[in-house]
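# Structure at a glance
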Amino acid sequence: MDFISLLGLIITLAIDTAFSWVRMFAALAVSIVISIFVGIYAATHKYAEKIILPIVDILQTLPILAFFPFVIFIIVAAIPGSIGINLAVVFLIITSMIWNIIFGVYESIKVLPKEYGEISKLYGLSRIERFRKIYLPAVMPRVVEQSTLSWSIGLFYLVTSEIFSTGNSQYAVKTGIGAAIASPLITGSALAYGLALLVFIVFVIATRLLFFKPLEEYVVRYNRHTQQKPESRAISYAKVMGSFGSRIARRLNPQQLIRSSGSAKTAMKKRGARSVREEGGIATIEKYGTAIKYAAVALIILGIAYVFITNPALMGYEATVLRALVYTFARVWFAFAIALLIGVPVSVYLIFLTRHSSKYLLLFQILSSIPATILLPAIVAGLKGTPYHGEITAVIIFVLGGVWYIIFSTMNMAKTLSPSIPEVKGIYGVKGADAWKKIYIRAIIPGLITGGITAIAAEWNASIVAEYFTVGNNVAAQVGIGVGKLLDLSLSANNLTLMLLAVANITVMIILLNTFVWKKLYRSVSKMYG
Amino acid sequence: MKMVQAKNISYSFSPESVIIGDVSFDADKDEFVSLIGPSGCGKSTLLRIIAGLVKPTGGKTLYMGKKVDGPSSGMSFVFQDFALLPWLTNLDNVKIGCSMMKLSESEKEKKAEIMLDKMGLSGFERSYPNVLSGGMKQRVGIARALVSDPKVLLMDEPFSSLDELTAETLRSDIIYHLKNKNLPVNSVIMVTHNVEEAVELSDKLIILSKKPSHVAATKHIDLKRPRNKRSKEFLDIMDSVYATLAK
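What comes next is a walk through the structure. Here the structure is a predicted model, which is why all the values come from computation and not from measurement.

### Concerning the sheet that holds strand 4 (residues 58-63) of chain B
Residues and elements named next belong to chain B.
- The 10 strands are arranged 5-4-1-2-10-9-3-8-7-6 in an open sheet whose pairing can be described as mixed. Each edge of the open sheet carries a strand with a single partner, namely strand 5 (66-67) and strand 6 (75-78).
- Sheet topology places strand 1 (residues 2-14) next to strand 2 (residues 17-28); eight bridges connect them, and they run antiparallel. In the strand pairing of strand 2, Val-4 is matched with Ala-27.

The structure is reproduced here in structure tokens:
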């Protein structure tokens, strides 16, 4: 390739990525605006709180990407052409970004000293003044903090949905880095693909340095005491990544985590009575969340039952969906086991065995921003001709999609441990297998559980492209049977019924697993961890 | 006989931020030494240097005449925040203290049970630290430190996370065990910021200056035990310690 065409390729790729970034920023802006209003509303209205929190809470653990085929089908049917497709993509990214920002807003209002409310009453501030002078400045630091996390999650959705969309010319995104990566032009050449990855990573790093970093510095000026030393920036990122997990942990067992979380504890001392209100909010999720969850499951089951009774022919569809679900389930959990085999030693090394964990974290922060699905072409090319390469590709993507959550979540939970625990190990000379058995593994178990939930959700999300990856009009890699593949095929076949049935089955399965497996597991573990 | 000698210890993060300037002191056999000083003077770091947990920038520590290169079984440590492993039972936490000893599991268990009993915690062997009060947690922490029969006990503000009443009881228990030779411990080095506590417990008081710290004064306290905290002699010593600290 000569210099001119190389330059041309780089410029094209940069334009592609810029288009993708426009989608990302649009989604982020919408997410932030909605989150601020919904979060503040939920935090200041008792009845709204009881409805909004449990719903947000369920939505954030669903593998929403699985809904994408359905969403794109509906939106494009309503608004044909590229506007509809782009709206669908942006909508999807919003559904990945918005939940943690809402929780961030809600929590920052909940922990405001009640004196603030008294001030606004004493001085007769209007509703708008109260919003501008008290609520907005109060929520901004958490909004920015959560936005950096949302951005990383959003990138995964962006790339995955763009790649997915190219699988069907009717729904294809024209310009975007995900779309480019799945095009024959890029996948055909290692150089072009490498350049695409490079351009993407440059954009990721530039966004962090030029957008999020100044933004973080801008908002912390409100709260000087939360300002961090520069070297802890990477750790604070892990905190944010991990906070995704700890929020889930809080939901799993609210009081427990509030008590055990070190930072929460110190904050609590300062806040005194306010903590009671905070626990109240989480207890609300707990109480109403279970009810709403059961109601949702019951509703879906009733819906499915109704559909089956009125259309007995659908039983065949359901059998297909269930079979596909079983296959993907096996793949997801097999990949999760591998992710644990990688994630556990890495976490233990970072938490206990190295002094340079903040340096590694910086590297991991960049690596984890690269969505696993962007590596599909490389993996497919690398495995060409290998037996079962479709299956292996899917599992690799699942592992890469899940492993970061395990690492970041365990690191975050480890921070709630006494900082003297590594010293205990030194003083009493606990070594080798004993150290693994008595300290390392036990210390990271709570993080493994919260990380596990998010990791598995990420794997299900990846399934819609990992199980059925197309380049141009050719299928580059596919599994034998899988629910992700089923969703892809049902979209191509315009089979709305099959699509809906698959989505409903996934939803019920995830809610059941979260309620009956993860929650129980976390409860039994956290009993011990005071 | 000198159990521990700290010789010209210094510690700094960088040439600009020197925490410990130059500190030397000894702990003799049967001596209870307290290190006291303003916050930020590196008291806890100094104790960790003596324990072999932190490498000093300059100087060295000798334990029974030998240079300290890392944690040794002769010196044990009690932490301010107890540092119990929440996932292990109280008994298993104490057994952690035997890790360096060449004993069978059942022998370790026996030792740990005896030590928990000595600390007044029999009956709590199978429960977990989170059911214990702060004072009881620190008793487990102390049992863990003592189970390996250390000659030197290092304590980093061991009573400062406890409420005053609990701290009081625990202090008198500890000093009772130490002075009645119930324990194999020969010397204690304790870091504290509580002047009264230091005067009550210590045979020798090392008063550190603010950072970069050096030894501002050394006081030998030979009041009879148990000490009356309202006696004139006791209050006089406290006053003179405060006077040195205020300089």
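After that view of the structure, there is still more to cover.
### Looking at the pairing of strand 7 (residues 152-156) of chain B
Residue and element names in this part refer to chain B.
- A large share of strand 7 lies buried, amounting to five of its five residues.
- Alternating positions in strand 7 separate into two faces, Val-152, Leu-154 and Asp-156 on one and Leu-153 and Met-155 on the other, with burial throughout.
- In this sheet, strand 7 lies alongside strand 6 in parallel orientation, the contact comprising four bridges. Within the sheet, the bridge partner assigned to Phe-77 lies in strand 7 and is Leu-154.
- The β-α-β motif built from strand 7, the intervening helix 5 (residues 164-179) and the parallel element strand 8 (residues 187-192) has right-handed crossover chirality.

### A look at the interface of chain A and chain B
- At the interface, 17 residues of chain A touch 19 residues of chain B.
- Only helix 18 (421-427) and helix 19 (432-466) of chain A provide two or more residues apiece to the side of chain A that touches chain B.
- When residues of the side of chain A that touches chain B are assigned to their parent elements, the largest contribution, five residues, is made by helix 18 of chain A.

### Looking at the packing of helix 3 (residues 68-78) of chain A against helix 21 (residues 496-526) of chain A
Residues and elements named next belong to chain A.
- For the pair helix 3 and helix 21, the least separation of the axes is 9 Å and the interaxial angle reads 140°. Comparing the axis directions of helix 3 and helix 21 gives the class oblique. Along this stretch, helix 3 crosses helix 21, giving a crossing that reads as left-handed. Touching Pro-69, Phe-70 and Phe-73 of helix 3 are Leu-496, Met-499, Leu-500 and Val-503, all from helix 21.
- Its residues assigned to classes, the contact of helix 3 with helix 21 shows seven nonpolar, no polar and no charged.

Rules used in this analysis
- Along each chain, numbering runs from 1 in the same order as the chain's sequence is written.
- Going through the entries in the order they are written, you letter the chains from A and number the ligands from 1.
- Reporting in this predicted model follows two pLDDT cut-offs: at least 70 for local features of residues, and 80 or more for side-chain atom pairs to be given and counted; totals over whole chains, interfaces and linings ignore these cut-offs and use all residues.
- A pair of strands is labelled paired if DSSP reports no fewer than 2 bridges between them.
- Per the convention used, a helix needs a DSSP run of H or I reaching at least four residues, while a strand needs a run of E reaching at least two, with both numbered from the N terminus.
- Each residue is classed by its C-beta neighbour count within 10 Å, where at least 20 other C-beta atoms makes it buried, 12 or fewer makes it exposed, and intermediate counts make it partly exposed; the C-beta atoms are placed from backbone geometry.
- Here the term right-handed applies to a crossover when the path leading from its first strand over the helix to its second strand runs clockwise, the strands being oriented away from the viewer.
- By definition, residue pairs are in contact when their C-beta atoms, positioned from the backbone, come within 7 Å.
- Axis geometry follows a simple rule: fit a line to the C-alpha atoms, using only the stretch in contact for helices, then measure angles between N-to-C directions, giving values from 0 to 180 degrees.
- Each angle gets one of four labels, with under 35 degrees taken as roughly parallel, over 145 as roughly antiparallel, 65 to 115 as roughly perpendicular, and the rest as oblique.
- If you view the pair so one helix is near and one far, a crossing is left-handed when the near helix is turned anticlockwise from the far one by less than a right angle, and right-handed when it is turned clockwise.
- The nonpolar class holds Ala, Val, Leu, Ile, Met, Phe, Trp, Tyr, Cys and Pro. Asp, Glu, Lys and Arg form the charged class, and all remaining residues, Gly among them, are polar.

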